[in-house]
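Observations on the three-dimensional arrangement
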Amino acid sequence: MKVSHELRVLFSRLGVAKTFPKRFTLLHAGDVSRHAYFIESGCIRLWHNNDGADVSVKFFLPGELCASLQSIHTGDPSKYELETITPCVVRILDKSELEREAAKTPGMKDYMESVIVHCLVNYQDLFVDRIGRPPEERYRALINDDPAVLDLVPLHYIASYLGITPVSLSRIRRKIQAP
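Residues numbered from 1 in each chain as written. Predicted model: local features only at pLDDT ≥ 70, side-chain atom pairs only at ≥ 80, totals over all residues. Heavy atoms only, no water.

Side note on the sheet that holds strand β3 (residues 35-41)
In space, the four strands of this open sheet follow the order β1-β8-β3-β6, with antiparallel pairing throughout. On the outer flanks of this sheet lie β1 (16-20) and β6 (65-66), each paired with one strand and no other. Inspection of the sheet shows β3 paired to strand β8 (residues 88-94) by six bridges, in the antiparallel sense. Bridge pairing in β8 links I39 to V90. The sheet contacts of helix α1 (residues 5-14) involve β1, β3, β6 and β8, and relative to β8 the element is tilted by about 90 degrees. Its contacts with the sheet put helix α3 (residues 95-104) on β3 and β8, and the angle it makes with β8 is roughly 65 degrees. (Pairing = 2+ DSSP bridges. Helix = DSSP H or I, 4+ residues; strand = E, 2+ residues; numbered from the N terminus. Contact = heavy atoms within 4.5 Å. Axes fitted to C-alpha atoms, helices over the stretch in contact; angles between N-to-C directions.)

Some details on the sheet that holds strand β4 (residues 44-50)
Overall, antiparallel pairing links the four strands, which are arranged β2-β7-β4-β5 in an open sheet. The sheet is open, and its two borders are formed by β2 (25-27) and β5 (53-60), each paired with just one other strand. In this sheet, adjacent strand axes meet at a mean angle of 35 degrees when their direction is disregarded. As paired elements, β4 and β5 share seven bridges and run antiparallel to each other. When the bridges of β5 are listed, W47 appears paired with S56. Of the strands in this sheet, β4, β5 and β7 (81-84) are in contact with helix α7 (residues 155-162), which crosses β5 at around 100 degrees.

Here we look at a nonpolar patch on the surface
Together, F127, V128 and I131 give the surface a local cluster of nonpolar side chains, amounting to about 340 Å² of exposed area. Within the secondary structure layout, F127 lies in helix α4 (residues 108-132). (Patch = residues over 30% accessible without salt bridge, like charges linked within 9 Å, V, L, I, M, F, W, Y side chains within 5 Å. Areas by Shrake-Rupley, 256 points an atom, 1.4 Å probe, with all protein chains shown as cover. Salt bridge = Lys/Arg side-chain N within 4 Å of Asp/Glu carboxyl O.)

Let's talk about the packing of aromatic side chains
Under the definition given, this model contains three aromatic pairs. Here F11 and F38 contribute two aromatic rings whose centre-to-centre distance is 6.1 Å and whose plane-to-plane angle is 35 degrees, an arrangement assigned as tilted. Note that F11 is positioned in helix α1 and F38 in strand β3, a separation of 27 residues in sequence. Exposure remark for F38: the relative accessible area of 7% places this residue in the buried category. Look at F20 and F24: their rings are 4.8 Å apart centre to centre, the planes differ by 25 degrees, and that puts the pair in the stacked class. On the accessibility criterion, F20 (7% relative accessible area) is buried. Over the face of the ring belonging to F60 we find K58, whose NZ or CZ atom lies 5.6 Å from the ring centre. (Phe/Tyr/Trp six-rings, centres within 6.5 Å; stacked < 30°, edge-to-face > 60°. Buried < 20%, exposed > 50% of the residue type's maximum accessible area, 1.4 Å probe, protein only. Lys NZ or Arg CZ within 6 Å of the ring centre and 35° of its normal.)

Section: the environment of H28
Relative to the helices and strands, H28 resides in the loop between β2 and β3. Using a relative accessible area of 41% as the deciding quantity, one classes H28 as partly exposed. In this structure, the C-alpha to C-alpha distance between H28 and K79, residues 51 residues apart in sequence, is 8.5 Å.

Considering the nonpolar core
Grouped together as the largest cluster of nonpolar side chains are 31 residues, with contacts concentrated most on I44, F59, L82, V90, V153 and I158. Listed by contribution, the elements that provide at least two residues to this core are β2, β3, β4, β5, β8, α5 (135-145), α7 and α8 (166-177). Those residues in contact with I44 that lie beyond four places of it in its chain are L26, I39, K58, F59, F60, C66, L82, E83, T84, I85, C88 and V90. By size, the runner-up hydrophobic cluster in this structure holds 14 residues, among which are L7, F38, L98 and A102. (Core = buried A, V, L, I, M, F, W, Y, C linked by side-chain atoms within 4.5 Å.)

Shown next, in the form of structure tokens:
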């Protein structure tokens, strides 16, 4: 989800800019998330290790905010990892600073809550898609809804996001590209 101008300004003013290499882990599963990240360039993925199987849950692109919502909201250890897929430039803002700004800026707390609700809706849609739509339909939806992901994200991560093997994704891609 692209964030509001006000939130961009907040991250520009208070966030610490940092550059990370490809495949850098910003948050390990089991750690408590204490930061939110605004992506200036690059791509980050939220993923989960499901008994040894890598399951990509969400891809975050430039102009988007990312965090382990479950952990940052509850203060519990994260069930997910945040990892850079490409080299990234992000602005990092501490949870306490974000909460302090939300409390003193009119409308910011409501906006932050709307961001969280928007993310929840996206995760619910992902869940329903995984159980209710065949892989080819999920891939076609990704092409239509988030084409930038296809330019930045390696195919094996896209396959794990779709809940299929890389071989199955290759077959689907060949079928779709065939005249």
